[in-house]
Amino acid sequence: MRAKGIGAVLATVALSVSFAAATADAAPETILGFTPKHSAEQRAAEQKFSGVLSPAVARELDRDLAHETGLVSTPGGYKRMRKVVDYLRSYGLRPQVHTYHVYQSVPRRIEVTMTSPQRITLPNKEPCLAVETDCGNVVVGYNALSPSGDVTAPVVYANYGTPEDFAELAKRGISVEGKVVLTRYGANFRGVKSKLAAEHGAKAVLIYSDPKDDGNTNGPVYPNGPWRNPDGIQRGSVQQLMQYGGDPLTPGWASTKDAPRIDPKDSNIAPIPTTPISYAAAEPLLKALGGPQVPANFQGGLPFPYHFGPGPTTVRVNLDIAYETKPLWDVTATVPGRSQPDQTVYVGAHRDSWTYGSDDNLSGTEAMLQIGRGIGALLKTGWRPERSITLASWDGEEYGLFGSTEYAEQLGERLQGAVTYLNMDGAGGKQFGAAGTPSLDRTIRQVAKDVPWPGTKGSAYDAWAADHGGGVPPISRLGSGSDYTAFFDRFGVPSANIGSGTDSGNYHCSCDNFWMEDHYIDPTWQYHVATAQAVGLTTLRLANADVLPMYYSDYAAETGQYLTAFGKQQSTVDVSGLKGSAAQWQRAAKAAEDRVAKLLAKGGGPIDGIRYAIASRLYSATERQLLTDAGLPGRPWYRHQVYAPGINAGYGTQLLPGLHDAVLERHNPAEAATAAASFDASLRKAAAVVSAAGW
């Protein structure tokens, strides 16, 4: 039992101050954020937890959950939800179902026809193969949140459809106005391709997966190998996620049954009809294109020179997409904390899929279930976490982060009790990796050192480092594209996305199924287990640490680097004052980290337990100091001032988004001055939070 009776003490402490956690100077055998005694107890619990994780269980979970397709709001999706509830209940946990009513697209007719120089009706779905178990219920290849439309026009090839690609077209005098733009997947989010094409006057967009990127130029194709076959179609949402996630009609509030809703024309539905095709379908379109030959960086993997067009290739894009408000179902299971039950570590993965979803994202769902199974086994021994743990199975992620966003928006300010959110979106492959807020870097890397990695004699950390040429393995920063988005970008919950993957071409096609997972992605199912172990140990450490192992001196130092780089990009904003505030934050954080390291090393008495709890509670609020109540320029749903998805990247991270958007996207000096003042105030608040940690 730790830190009992702290409520009265906490009530006297201002929520605008905080305390930093221990440093990495602790002895190797001591877990970050723990006293030596509690570290030993934690390792004993972790050993029991890890012993429960099983490759056989991972395989059986996937075989069962992927037997039917799991598209949001379909009968298969509902059945999958009920299975997850039953599994969690069988582990001794108490699952709850949260129903939301979201505005979503339903394809009624998806037709793409080459009309000249020859007439070809292009396929809109992969052929059924014997290894597939529910092929009749696989949705046609289409892009969710695309508008309907019937467009016949010449085709222009625009490579990946990035700003640079459209600039190359303009430099060559090639206009896409009134045309159908053909782009390949990759380099940016598909919704950005639609946005940029519309901004340049295009009437529709076709997106295909080029074999150079994930198809037959890489090796054997499905079902004889892991790469996308010529018929494979990459589905996906084209919702404008760079504006906001979740239900398009309820931006900022939960889509309960009777929620108010905005007009669809004011929502973030894609601007022009957009749909995906296979590379077999793209081949005749590209082969018949005239115009100049493309440069080397535009050339894909089909066996002929690509040309820009326009013409003589012409296509008809005929999309009839209905919009309906339909229910979806999140599932959560909470294990109450013993000493700090109102402080919660969230662990989540989305359950819905475009087709079967064995890799994306039943691998993450299975890892969440394995963590629940391990925690259930610990609970039977009398163990309890100090902070609460909430396991979450999200629905509707593939259409636009629907389930997690609506849940987070419903909790709103109650998420101030959220210590962290750990996300899994792909958790069953050979390459380990992570993205997250810098304050969690040291903890993630320490956990990785404690997880044996299959197929090697070393740890996940060793394999991770080797994949990147040695040294300290990189941890990416968060933009958008998965279920951490609302937690991190809107509500300031410290977050990380931890997972693993195997190079393949199974993304969002009917080939993402049990056969592919069992034969090519992880035939031994050991990587599934190792990834679940890594996320599980991170969860347990954050739930039980004496002082939360978060390191804001690292965060502040990195923020200073961002400001230096931004200062070199532009001359509108003088960043010297901002750099000074970041340096002040760094000094305050380092001083606090050093003090707590000494306190933890001594072991601590009863009064120290109270100090630990107060420090952790306030420390977990530091990330929220980096939010702006007004939101980012032009997209107020996003509130984080250090990280956001890029306006023209979609998933990719934009550093210092308020400053960047005002200066380099919106070219508005007044807006830039406001953004700079807001960010400076946040940096100063973060420094004050940390410097108040002197005892």
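About the criteria used
- Residues numbered from 1 in each chain as written.
- Predicted model: local features only at pLDDT ≥ 70, side-chain atom pairs only at ≥ 80, totals over all residues.
- Heavy atoms only, no water.
- Salt bridge = Lys/Arg side-chain N within 4 Å of Asp/Glu carboxyl O.
- Helix = DSSP H or I, 4+ residues; strand = E, 2+ residues; numbered from the N terminus.
- Buried < 20%, exposed > 50% of the residue type's maximum accessible area, 1.4 Å probe, protein only.
- Axes fitted to C-alpha atoms, helices over the stretch in contact; angles between N-to-C directions.
- Parallel < 35°, antiparallel > 145°, perpendicular 65-115°, else oblique.
- Contact = heavy atoms within 4.5 Å.
- Core = buried A, V, L, I, M, F, W, Y, C linked by side-chain atoms within 4.5 Å.
- Pairing = 2+ DSSP bridges.
- Polar contact = N/O pair within 3.5 Å; in protein donor to acceptor, adjacent residues only side chain to side chain.
- Disulfide = S-S within 2.5 Å.

A.B. asks: When you look at the pattern of salt bridges in this model, what are you seeing that I'm missing?
C.D. replies: Summed over all chains, the structure comprises 30 salt bridges. Linking D320 and R109 is a salt bridge whose minimum nitrogen-to-oxygen distance equals 3.9 Å. Of this pair, D320 sits in strand β9 (residues 314-335) while R109 sits in strand β1 (residues 95-116); the two residues are 211 residues apart in sequence, bridging distant segments of the chain. Judged by its relative accessible area of 32%, R109 is partly exposed. The shortest N-O distance in the salt bridge between K195 and E199 comes to 3.1 Å. With K195 and E199 both in helix α6 (residues 190-199), this residue pair falls 4 residues apart, about one helical turn. Taking relative accessible area as the criterion, K195 reaches 13% and is therefore assigned buried. The exposure class of E199 is exposed, given its relative accessible area of 52%.

A.B. asks: How do you make sense of the packing of helix α3 (residues 55-65) against helix α4 (residues 75-90) when you look at a structure like this?
C.D. replies: Two numbers describe a pair of packed helices, the interaxial angle and the distance between the axes. Here α3 crosses α4 at 150°, and the two axes come no closer than 10 Å. Compared by their axis directions, α3 and α4 come out roughly antiparallel. Together, L61, D64 and L65 of α3 and R80, K83, V84 and Y87 of α4 make up the contact between the two elements.

A.B. asks: What is the right way to read the nonpolar core from this model?
C.D. replies: Within soluble globular proteins, side chains that are nonpolar tend to cluster in buried spots. The biggest cluster of nonpolar side chains holds 186 residues, and the ones touching the most others in it are L88, L286, W585 and L659. A total of 10 residues in this core trace back to one element, the largest contributor, which is helix α16 (residues 526-544). For L659, the residues in contact, after removing those within four places along its chain, are L563, F566, V573, L578, A672, A675, A676 and F679.

A.B. asks: In this structure, what is going on with the pairing of strand β12 (residues 418-424)? I would like to understand it.
C.D. replies: For a regular strand, side-chain orientation follows a simple rule: the groups alternate between the two sheet faces. Among the 7 residues in β12, 7 count as buried, and that is most of the element. With 3 bridges connecting them, β12 and strand β14 (residues 495-501) associate as parallel partners. Bridge pairing links N423 to N497 in β14.

A.B. asks: Help me understand helix α11 (residues 402-411) in this model?
C.D. replies: Every α-helix carries 3.6 residues per turn, so stepping three or four residues along brings you back to the same face. Counting buried residues along α11, 9 of its 10 residues qualify, which places the element largely inside the surrounding structure. Buried within α11 are the following residues: F402, G403, S404, T405, E406, Y407, A408, E409 and L411. Here the buried face of α11 lies against β1, β9, β10 (340-350), β11 (387-394), α10 (397-400) and α14 (485-490).

A.B. asks: Even after reading the chapter, I still don't get the environment of R414, so can you show me in this structure?
C.D. replies: Inspection of the secondary structure assignment puts R414 in the loop between α11 and β12. Take R414: its relative accessible area is 58%, and that puts it in the exposed class. Expressed as a C-alpha distance, the spacing of R414 and M242, which sit 172 residues apart in the sequence, is 25 Å.

A.B. asks: Quick question: what am I supposed to make of the side chain of R184 here?
C.D. replies: Here R184 is to be found in strand β5 (residues 180-184). Under the relative-accessibility criterion, R184 is labelled buried at 2%. Reaching out from R184, the side chain makes a polar contact with the side chain of Y160 at a distance of 3.1 Å. Among the polar contacts made by the side chain of R184, one reaches the side chain of D213 at a distance of 3.5 Å.

A.B. asks: It is not clear to me how the state of the cysteines should be interpreted in this structure. Could you clarify?
C.D. replies: Disulfides are covalent bonds that connect the sulfur atoms of two cysteines. Applying the stated criterion across every chain, the model contains 2 disulfides. Each sulfur of the disulfide joining C509 and C511 lies 1.9 Å from the other. The connectivity of the disulfides in the protein is 1-2, 3-4, where the numbers refer to bonded cysteines in sequence order.

A.B. asks: Would you mind going over unusual backbone geometry with me for this structure?
C.D. replies: Residues other than glycine predominantly adopt negative phi, and peptide bonds predominantly adopt the trans conformation. Each neighbour pair has its own omega, and for G309 with P310 the value is 0°, a cis peptide bond. Tracing the chain through its elements places P310 in the loop between α8 (279-288) and β9. Residues G311 and P312 are joined by a peptide bond in cis, for which omega reads -5°. Here P312 shows up in the loop between α8 and β9. Here H508, not a glycine, exhibits a phi torsion of approximately 60°, which is positive. Inspection of the secondary structure puts H508 in the loop between β14 and α15 (514-521). Here the phi dihedral of W525 falls at roughly 65°; this positive angle occurs in a residue that is not glycine. Mapped onto the elements of the fold, W525 is located in the loop between α15 and α16. On the basis of relative accessibility, which here comes to 1%, the residue W525 falls in the buried class.

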